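# Working through the structure, step by step
Each chain, letter by letter, is given below.
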Amino acid sequence: MFLTLVSTPSSTVRVGVIGFGQWGPNHVRNFSQFDGCDVLRVCDASDARLTAAQKFLRGVAVTKNSAEITDATDIDVVVVATPTSTHFALVKAALSAGKDVLCEKPLAPTAAECAELAALALAKGRVLMVGHVFLYNSGVLHLKTDLDRGELGRIYYMDAVRTNLGPVRSDVGAIYDLASHDISIFNFLLNAQPLEVSATGNSVLQKGVEDVGFLTLYYPGNVVCHAHISWLNPRKVRQLTIVGDHKMAVWDDMNNLEPIRYYDKGVTADHYSSFGEFHLILRDGQITIPKVKLAEPLARQDHEFIACVRSRRQPAASAEFGLAVVRALEAARESLRQHGRSVKLETA
Ligand SMILES: NC(=O)c1ccc[n+]([C@@H]2O[C@H](COP(=O)([O-])OP(=O)(O)OC[C@H]3O[C@@H](n4cnc5c(N)ncnc54)[C@H](O)[C@@H]3O)[C@@H](O)[C@H]2O)c1
């Protein structure tokens, strides 16, 4: 979708970053390194983080007041890298002041807030990108190309595992924090949104904040996707298995050398015997390892944001895309509350 040109950013895109915790510094590094980009100001609510920012960023002003970024006339674009619970107010302020915005995932806690932000961006003719960084991951992009070409045939199911010990959050549970990645990947690869979600899990470290979640998402065309996510797990696993009727694939995001394997494996229903038996023929063929050219996903994502700002177009990780992810997250949280009862999604 192309946007109305409300104003042209000056030849150098002037960036303000709100949130200098664990993730914000990565955005600051990227935008500082891009040609034609300048990080002018960094905001954080914590004195300690502002001191850290001052130490590492020479020539960048720091502030505790986010309005000094959202309302500043010398800032063109705002990057929001604060906890999810703060996204709505900060993004709304930035869009209202006519800024293009890159907001970390998930866009906001509720689908209603996401829809309001998407509508505001549209009304203001502003770019609103959500940091669904896996849409810019080399492995995911490789899978997407092959899935769109029909290499795996009809997709039966996908199964994702995203576990580690920490980082533990308290403003959102593991479902919002971690499954937001897997849902973004499922939606992107299938070019669809789930119709129904069911989720179980458990909150053991903090009351009402789940540490582990098991999500089942039902997509159109009888495709089932499952995600096991946890920040309370001994092993760091980032894996996705895709089973199609033609081939199967395993993507291991922890493997930097050979992240994808295609298995020429499958099962064919062949014939009935004279006794009326159903025969399944197993196909156990070659394993192929495609060459995947790796690049830093966040740098690619941030680069795409600047390209969208300059060309006035919306990115793949648009506000609408972010809204669809939050719709599924909201349904998963509701299902979790109801001990796994399936929740139908309200679609647009
Ligand atoms: N795409 C990814 O892979 C990825 C990875 C990590 C984090 N994230 C996302 O980035 C965001 C931030 O995560 P993090 O790990 O950096 O969290 P964090 O808690 O380490 O840092 C957040 C920072 O924001 C500051 N802050 C809080 N409220 C503020 C406000 N109103 N104004 C200004 N500063 C404020 C805090 O002081 C803190 O320094 C989250 O939305 C998270 O989901 C994305």
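Residues numbered from 1 in each chain as written. Predicted model: local features only at pLDDT ≥ 70, side-chain atom pairs only at ≥ 80, totals over all residues. Heavy atoms only, no water.

## As for the domain arrangement of the protein chain
Each assigned domain of the protein chain is listed with its residue range as follows: domain 1 (13-134 + 298-319) and domain 2 (135-296 + 328-344). Measuring from the centre of the C-alpha atoms in domain 1 to the corresponding centre in domain 2 gives 29 Å. Between domain 1 and domain 2 lies a buried interface of about 1,900 Å² when both sides are counted; carbon and sulfur atoms form 54% of it. Applying the counting criterion to the domain 1 and domain 2 interface returns 2 salt bridges. (Domains from an automatic or database assignment. Buried area = accessible area lost by both parts, 1.4 Å probe. Salt bridge = Lys/Arg side-chain N within 4 Å of Asp/Glu carboxyl O.)

## Some points on the sheet that holds strand β1 (residues 13-18)
Across a sheet, strands are paired by hydrogen bonds formed along the backbone, either parallel or antiparallel in direction. The 6 strands are arranged β3-β2-β1-β4-β5-β6 in an open sheet whose pairing can be described as parallel. Two strands lie at the open edges of the sheet, namely β3 (61-63) and β6 (128-131), each paired on one side alone. Strand-to-strand twist of the sheet, defined as the mean angle between neighbouring strand axes without regard to direction, takes the value 20°. When strand β2 (residues 37-43) meets β3, the two strands line up parallel, connected through 3 bridges. (Pairing = 2+ DSSP bridges. Helix = DSSP H or I, 4+ residues; strand = E, 2+ residues; numbered from the N terminus. Axes fitted to C-alpha atoms, helices over the stretch in contact; angles between N-to-C directions.)

## Digging into empty space enclosed by the protein
Under the definition given, this model contains 1 cavity of 30 Å³ or more. Reported here for the largest cavity is a volume of approximately 30 Å³. Taken together, A160, V161, R162, D182, I185, R238, Q239, L240 and W251 make up the full set of residues lining the largest cavity. Listed by contribution, the elements that provide at least two residues to the lining of the largest cavity are β7 (155-165), α7 (174-190) and β11 (232-244). Split by residue class, the lining of the largest cavity holds 5 nonpolar, 1 polar and 3 charged. (1 Å grid on protein atoms, 1.4 Å probe; cavity = no way out; pocket = protein on both sides within 12 Å on 5 of 7 lines; lining within 4 Å. Points joined across faces, edges and corners; volume = space filled by probe spheres on them. Nonpolar A, V, L, I, M, F, W, Y, C, P; charged D, E, K, R; others polar.)

## A short note on the site of the ligand
Close contacts around the ligand come from 24 residues, with Q22, W23, D44, K105 and R169 the closest. In the model, an oxygen atom of the ligand is placed 3.3 Å from a nitrogen or oxygen of the T82 main chain. For the ligand, a nitrogen atom lies 3.5 Å from a polar atom in the side chain of E104. With the chains in place, 81% of the 850 Å² that the ligand exposes on its own is no longer accessible. Mapped by element, the contributors of at least two residues to the shell around the ligand are α4 (84-96) and α7. The biggest single contributor to the shell around the ligand is α4, with 3 residues. Residues belonging to the shell around the ligand are distributed by class as follows: 8 nonpolar, 10 polar and 6 charged. Shared between two domains, the shell around the ligand holds at least three residues of each, these being domain 1 (13-134 + 298-319) and domain 2 (135-296 + 328-344). (Near = heavy atom within 4 Å. Polar contact = N/O pair within 3.5 Å; in protein donor to acceptor, adjacent residues only side chain to side chain. Areas by Shrake-Rupley, 256 points an atom, 1.4 Å probe, with all protein chains shown as cover.)

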